[in-house]
Protein chains: 2
Amino acid sequence: MDRIDTCLIALRRILRAAETYGKELAQSAGMTPVQLRVVQIVAETGSSTAGAIARRMHVAPATITAIIDKLERAGHVSREQSRTDRRQTHIVLTERGRNALDRAPDALQQKFATDFEGLEDWEQAMIVAVLERVASMLDRTETQRGAVLYPGEL
Amino acid sequence: MDRIDTCLIALRRILRAAETYGKELAQSAGMTPVQLRVVQIVAETGSSTAGAIARRMHVAPATITAIIDKLERAGHVSREQSRTDRRQTHIVLTERGRNALDRAPDALQQKFATDFEGLEDWEQAMIVAVLERVASMLDRTETQRGAVLYPGEL
DNA sequence: TGTGTTATTTAGCATTACGAACTAAATGAG
DNA sequence: CTCATTTAGTTCGTAATGCTAAATAACACA
């Protein structure tokens, strides 16, 4: 078997695993993967505007509106009008949202972290180097093409 | 920065790159990523039944029916009733479908393959080893849990 | 023959996502 | 200060993907 094929197959396995974990994860948090992703962003940033979330997720504002609607109805987040610019809406995490987040540790992350810690030091170092290498091989284009860099993207 | 964090960030970059490429790819083929995935499977296997595609994609049969409907309407594939078992429907690629496929080289694959070939031999070997390692760290559970292995899955 | 199993489709629903059109608020030119 | 423009978010209509449950058709075997 070709080395490239082996790599691509491994990459697909990784992608599929991520998807699977995403679903599990969402189930234990009581929301869908996308909704959870939004909640994670809000939690991470303290409070984001709708537009900032949309840009960060590379998604149209209308899409975020719909997702926030559902999260708000479920009581996970709430909308707060900005005082400095009343066009803006700040999305903030509610108590309930924070609880859901605590109940939903990222399964992929956990699994990987556990296994990773059991490895030899040199093995860890090798994995770090390779993953970074592969990531930059794959996503380099995006920044090279001059795509807009969004606030909080890094 | 923590090694684990570095890995996870790299993994997310890889996931996002894959998504981006998937969209590009599908666009040049004139169909959605999922539809293209079905067409690829059909092309690869010569002719699959609807059920086989569903199992391979880990998706409910009803979902495949809907996708095949669209692909058939667009003239990319056609349905043919099996002669040996008339409950089965064989999905076959049309001329038009094959053309679309030719027009859509897998962007991720291309990009990766190009870069990969430019690397030193030892570097290639290391990448192969690490990706396989990470893949098995992440997707091991699935087989361990005794999930059904689907025909053509390997 | 009849009963049970298997393959696919139909129907109805939820989620994600988009673009276009709209409202409200801020900003800038004159 | 006023009017035009831009920006932020929402609403509306549409499409794709995915599910479950129920229907339909064909096979299989006792």
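Residues numbered from 1 in each chain as written. Chains lettered and ligands numbered in written order. Predicted model: local features only at pLDDT ≥ 70, side-chain atom pairs only at ≥ 80, totals over all residues. Heavy atoms only, no water.

The name that an unreviewed UniProt entry assigns to chain A is DNA-binding transcriptional regulator, MarR family, with the source organism given as Paracoccus halophilus.

It is worth spelling out the protein's contact with DNA strand C at this point. Taken together, 21 residues are adjacent to DNA strand C, and A:Thr32, A:Ala60, A:Thr63, B:Gly51 and B:Arg79 come closest. A share of 77% of the atoms of DNA strand C within 4 Å of the protein falls on sugar and phosphate groups. Here a phosphate oxygen of DNA strand C sits 3.4 Å away from a polar atom, N or O, in the main chain of B:Ala50. One of the side-chain N or O atoms of B:Thr65 is found 2.9 Å from a phosphate oxygen in DNA strand C. At the level of elements, α2 (33-45) and α4 (61-73) of chain A together with α3 (50-57) and α4 (61-73) of chain B are the ones that each hand at least two residues to the surface near DNA strand C. Residue composition of the surface near DNA strand C, by class: 7 nonpolar, 8 polar and 6 charged. (Near = heavy atom within 4 Å. Polar contact = N/O pair within 3.5 Å; in protein donor to acceptor, adjacent residues only side chain to side chain. Helix = DSSP H or I, 4+ residues; strand = E, 2+ residues; numbered from the N terminus. Nonpolar A, V, L, I, M, F, W, Y, C, P; charged D, E, K, R; others polar.)

Before going further, it helps to examine the pattern of salt bridges. Where charged atoms from two side chains of opposite charge come close, those side chains can pair. Under the counting rule described, the total for this entry stands at 13 salt bridges over all chains. Notably, a salt bridge pairs A:Asp115 with A:Lys111, separated by 2.7 Å at the nearest N-O pair. Taken together, the residues A:Asp115 and A:Lys111, both in helix α6 (residues 107-117) and 4 residues apart, mark about one turn of the helix. Each member of the pair, A:Asp115 together with A:Lys111, is buried. B:Glu44 is paired through a salt bridge with B:Arg56; the nearest N and O atoms lie 2.7 Å apart. Remark: B:Arg56 occurs in helix α3 and B:Glu44 occurs in helix α2 (residues 33-45); sequence separation between them is 12 residues. Through salt bridges with shared partners, a single network forms among A:Asp69, A:Glu72 and A:Arg79. (Salt bridge = Lys/Arg side-chain N within 4 Å of Asp/Glu carboxyl O. Buried < 20%, exposed > 50% of the residue type's maximum accessible area, 1.4 Å probe, protein only.)

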